[in-house]
Amino acid sequence: MGFSKTMVVKAIEENGEDDSEAILETLLTYAVSIMPHFCYCTFIFVLVRFLKSVVENFPQEEGLSTKPCTFDSKSKSPDNLSEIDSCPGIEAISNFFPIPFCENSNQILEKDTMLSSLVDMGYLVEEALTALNNCGSEAQLSELTDYICAAQMVKDFDAQLRESPDEEDSTSVMTSYSYTMPRNDYLHREKKRKLHKFQQCGRKWHKGSEKKHCDEDGDIMHLPNPMIGFGIPDDPWPIVERKLPEVAIGPPYFYYENVALTPKGVWSKISRFLYDIEPEFVDSTHFSAAARKRGYVHNLPIQNRFPLLPIPPRTIQEALPLTNKWWPLWDKRTKLNCLQTVIGSAKLTERIRNALENSEKYGDEPPPHVQKFVLEQCRKWNLVWVGKNKVAPLEPDEMEMLLGFPRDHTRGGGISRTDRYKALGNSFQVDTIAYHLSVLKNQFPNGVNLLSLFSGIGGAEVALHRLGIPLKNVVSVEIAEVNRNIIRSWWEQTNQHGQLIEIADVQQVSIERLDQWMSSFGGFDLVIGGSPCNNLAGSNRVSRNGLDGKHSSLFYHYVRILDLVKTMMGRDR
């Protein structure tokens, strides 16, 4: 309904559970009392949602219709963003509650639509409003959720500092799990100053600053900004040689990947299970024209890395030059957002075209509210310009190029377009991981034995191949038949001379099978994989329950298998 849990509990305590009218009146009184903290029209919006819920749940008498209006506040479809305009409840309520502070009703309705989405995702109204005010009216839903999560991290951090008995203890909390880089000069600045800067510029922090993530055990995980890990090809920071825990030192080398923005405590837990190695967080915008924020835990050397050649295009205009002819000056995008498993619909692109054509009467550029709508949808769905007033989603071959795969890597063999988008949306960014894996080329001139867990469409195999590292023996573990077909086809098309062993499920990788493989070709040089992020990704507000989720808990099989391999290879030495 939009009221915070604290407000509801307090109202029930004051009026009892049975007097619903008194509870509602008390809640409205509370809302009015905190009116300076959010727009008056938003209060009306919350009231409409509350009354709508009351009507829907009121016992229906014979002959009495309880259908409130046509607006579905839970709709997440991009094609339904303007349907709030058709809801008569807003207009009727406004007759009793004037809205003196709203200069532009269209902007308010758009803001309230985004507010509705955030509230339906489980955030408090106060949190959603703060994010909207600080991130700006053009912010995407993903940016708003990132802001709220980061603000919650800062709030948790402040609370932990307040609980510390003295300054020394609070400092120890800050350094208990530090992800330090040479340029992190801002790490120990006053928390109030950091919070002020964060509020002033939304999600954009100053270069070298970090977002802090306190987990249940008091550990702090830092997400660096810029997210460049231990260095990138264009601007490698001077890296002090990191010291790995003795138990983490190979053989074999291992490399684990997952999404960077996870629920509280996930990366600390991943690190603990992977020998207390600190993650390396990297955004693939430094390697390609599309974002992909990921964390990597590995025991690879970090010196003498080199990028794949040729260097891939780094901007949309370089990657998709045919779009330049139609790209409007008011669309300032140079990078695409993270490539997803789904794309924008034909109905959405038709709405955008109609909106632009109808606005031509205003001059060369559409009015601001049309630009805002178009840019929001283009950012959300990675739409690009393909004609006058025409945008379209990326084609699968364009996604392949942006992710570093060979052209037609996912094409043919009975694979549908939907399967291609899904497979590519869940894959590695090849140029990024190849930069990390490049240190293996001189160590294994004759090739590697690879255990590839959660192989997907073979991003690791493609990266090693493009680096010129022969694949002697590859055990590929992938549950999706479509993806196994893609890997098998690539193996044949590239004339690989090694042995490819395919397994459908990580749960089938037993000690007996490992012993059989290792007896056959002498152990593994690299264990690589990224377990499913279904229960970790920020877009999942239904079952975002971290490593305990049905899919993401498969991470523990990566740990199990890696431990077995290390133990068996240590035994045979």
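Residues numbered from 1 in each chain as written. Predicted model: local features only at pLDDT ≥ 70, side-chain atom pairs only at ≥ 80, totals over all residues. Heavy atoms only, no water.

By the naming in an unreviewed UniProt entry, the protein chain goes by DNA (cytosine-5-)-methyltransferase and is assigned to Lithocarpus litseifolius.

1. Structural notes on the packing of aromatic side chains
This is how it is decided: When the centres of two rings from Phe, Tyr and Trp lie within 6.5 Å, Trp using its six-membered ring, the rings pair. Their planes under 30 degrees apart give stacked, over 60 give edge-to-face, and anything left gives tilted. Under the DSSP-based scheme used, a helix requires at least four consecutive residues in state H or I and a strand at least two consecutive residues in state E, with every element numbered from the N terminus. The classification of residues rests on relative accessible area computed with a 1.4 Å probe and restricted to protein chains. Under 20% of the type maximum is buried, over 50% is exposed, and intermediate values are partly exposed.
Tallied over the full model, the rule gives twelve aromatic pairs. Relative to Phe281, the ring of Trp267 has its centre 5.4 Å away and its plane inclined at 85°; by these criteria the two rings are edge-to-face. Here Phe281 lies in strand S4 (residues 280-283) and Trp267 lies in helix H10 (residues 266-273), a separation of 14 residues in the sequence. Each member of the pair, Trp267 as well as Phe281, carries the same accessibility label: buried. Both rings, one in Trp490 and one in Trp491, keep their centres 6.4 Å apart while their planes meet at 65°; by these two values the pair is edge-to-face.

2. Topic: the sheet that holds strand S11 (residues 526-529)
Whenever strands of a sheet pair, they do so through backbone hydrogen bonds, lying parallel or antiparallel. Definition in use: Paired strands, in this sense, are two strands between which DSSP finds at least two bridges. Helix axes use the C-alpha atoms of the stretch in contact, all axes being lines fitted to C-alpha atoms, and the angles between their N-to-C directions lie in the range 0 to 180 degrees. Note on definitions: a residue-residue contact is assigned when non-hydrogen atoms from the two residues lie within 4.5 Å.
Read from one edge to the other, the open sheet built from seven strands follows the order S4-S5-S3-S11-S8-S9-S10, with strand pairing classed as mixed. Of all strands in the sheet, those with a lone pairing partner are S4 and strand S10 (499-503), marking the two edges. Sheet twist, expressed as the average angle between the axes of neighbouring strands with direction ignored, equals 20°. In the sheet, strand S3 (residues 253-259) pairs with S11 via four bridges, with the strands oriented parallel. Counterpart to Tyr255 in the pairing with S11 is Ile528. Running at roughly 180° to S10, helix H19 (residues 511-521) makes contact with strand S8 (448-453), strand S9 (471-477) and S10 of the sheet.

3. Section: the pairing of S4
Residues Glu280 and Val282 point to one face of S4 and Phe281 and Asp283 to the other, with burial holding for every one of them. By the bridge criterion, four bridges tie S4 to strand S5 (residues 293-298) in an arrangement that is antiparallel. Residue pairing for S5: Val282 is matched across the bridge by Arg294.

4. Quick look at the pairing of S8
Selection criterion: Seen with its strands pointing away from the viewer, a crossover is right-handed if its path from the first strand over the helix to the second goes clockwise.
Summarising burial for S8: six of the six residues are buried, a large majority. Every second residue of S8 is oriented toward a common face, with Val448, Leu450 and Ser452 on one face and Asn449, Leu451 and Leu453 on the other, all of them buried. Inspection of the sheet shows S8 paired to S9 by six bridges, in the parallel sense. Across the sheet, the residue bridging to Leu453 is Val477, located in S9. Since S8 and S9 lie parallel, the crossover through helix H17 (residues 459-466) that links them has a hand, and here it is right-handed. Sheet analysis places S8 next to S11, joined by four bridges and oriented parallel. Counterpart to Leu451 in the pairing with S11 is Val527.

5. Side note on the packing of helix H12 (residues 346-358) against helix H13 (residues 368-381)
Rule in force here: Angular relationships are summarised with four words: roughly parallel below 35 degrees, roughly antiparallel beyond 145, roughly perpendicular across 65 to 115, and oblique for the angles in between. Helix crossings fall into two classes, left-handed where the near helix is turned counterclockwise from the far one by less than a right angle and right-handed where it is turned clockwise. In this classification, Asp, Glu, Lys and Arg are treated as charged, Ala, Val, Leu, Ile, Met, Phe, Trp, Tyr, Cys and Pro as nonpolar, and every other residue, Gly included, as polar.
For the pair H12 and H13, interaxial distance at closest approach is 10 Å and the crossing angle is 155°. The angle between the axes of H12 and H13 places the two elements in the roughly antiparallel class. The two elements H12 and H13 cross, and the hand of that crossing is left-handed. Between H12 and H13, the residues in contact are Leu348, Arg351, Ile352, Ala355 and Leu356 and Val370, Phe373, Val374, Gln377 and Trp381, respectively. Residue classes in the contact of H12 with H13 are distributed as eight nonpolar, one polar and one charged.

6. Brief notes about unusual backbone geometry
Going from Asn225 to Pro226, the amide bond is cis rather than trans, its omega being 10°. Assignment of secondary structure puts Pro226 in the loop between strand S2 (220-225) and S3. A positive phi angle, close to 65°, is found at Tyr275, a residue other than glycine. Secondary-structure assignment places Tyr275 in the loop between H10 and S4.

7. Here we look at the confidence of the model for the protein chain
Applied cut-off: Values of pLDDT, ranging from 0 to 100, describe the predictor's confidence in every residue of the model.
Scored by pLDDT, the protein chain comes out at a mean of 77, with 68% of its residues at no less than 70. Below pLDDT 50 for its whole length, residues 32-41 participates in 18 contacts with residues either more than four positions away or in separate chains. Every residue in residues 160-218 scores below 50 in pLDDT, and together they form 129 contacts with partners more than four places removed in sequence or on other chains.

8. Re helix H6 (residues 125-135)
This is how the line gets drawn: Directions drawn from the helix axis to the C-beta atoms are what define this arc.
Those residues of H6 not exposed but buried are Val125, Ala128, Leu129, Ala131 and Leu132. Within H6, the buried residues cover an arc of 160° as seen down the axis, which keeps them to one side. Gly136 lies just past H6 and shows a positive phi near 95°.

9. Here's the deal with a negative patch on the surface
To be explicit about the condition: The residues that make up patches have over 30% relative accessible area and no salt bridge, and they are joined within 9 Å when like-charged or within 5 Å when they are Val, Leu, Ile, Met, Phe, Trp or Tyr. Computed by Shrake-Rupley with a 1.4 Å probe, the accessible areas treat only the displayed protein chains as cover when residues are assessed. Any Lys or Arg side-chain nitrogen found within 4 Å of a carboxyl oxygen on Asp or Glu counts as a salt bridge. Charge assignment: positive for Lys and Arg, negative for Asp and Glu; neither His nor the chain ends contribute. The location of each charge is read from NZ of Lys, CZ of Arg, CG of Asp or CD of Glu.
Judged by side-chain charge, Glu17, Asp18, Asp19, Glu21 and Glu25 come together as a negatively charged surface patch. Here Asp19 lies in the loop between helix H1 (5-15) and helix H2 (20-33). Assessed through its relative accessible area of 37%, Asp19 is described here as partly exposed.

10. Examining the nonpolar core
For the record, the criterion: Only buried Ala, Val, Leu, Ile, Met, Phe, Trp, Tyr and Cys residues count toward a nonpolar core, and they belong to the same one when joined by side-chain atoms within 4.5 Å.
Val374, Leu437, Leu440 and Leu526 are the most contacted members of the largest nonpolar core, which totals 65 residues. Ignoring sequence-local partners within four residues, the contact set of Leu526 consists of Pro252, Tyr253, Phe254, Tyr255, Leu437, Leu440, Asn449, Leu450, Leu451 and Leu464. Counting residues in hydrophobic clusters, the runner-up holds 40 residues, among them Met227, Ala260, Phe454 and Leu536.

11. Some words on H12
Which entries qualify depends on this criterion: What a helix should span is 1.5 Å times the count of its residues minus one.
The terminal C-alpha atoms of H12, which comprises 13 residues, lie 18 Å apart, in line with the 18 Å expected from a rise of 1.5 Å per residue. The set of residues buried in H12 consists of Leu348, Thr349, Ile352 and Leu356. Projected down its long axis, H12 shows its buried positions confined to an angular sector of 95°, all on one face. Exposed and facing more than 90 degrees away from the buried side of H12 are Ala346 and Asn358. The elements touched by buried residues of H12 are H13, strand S6 (384-387) and strand S7 (390-392).

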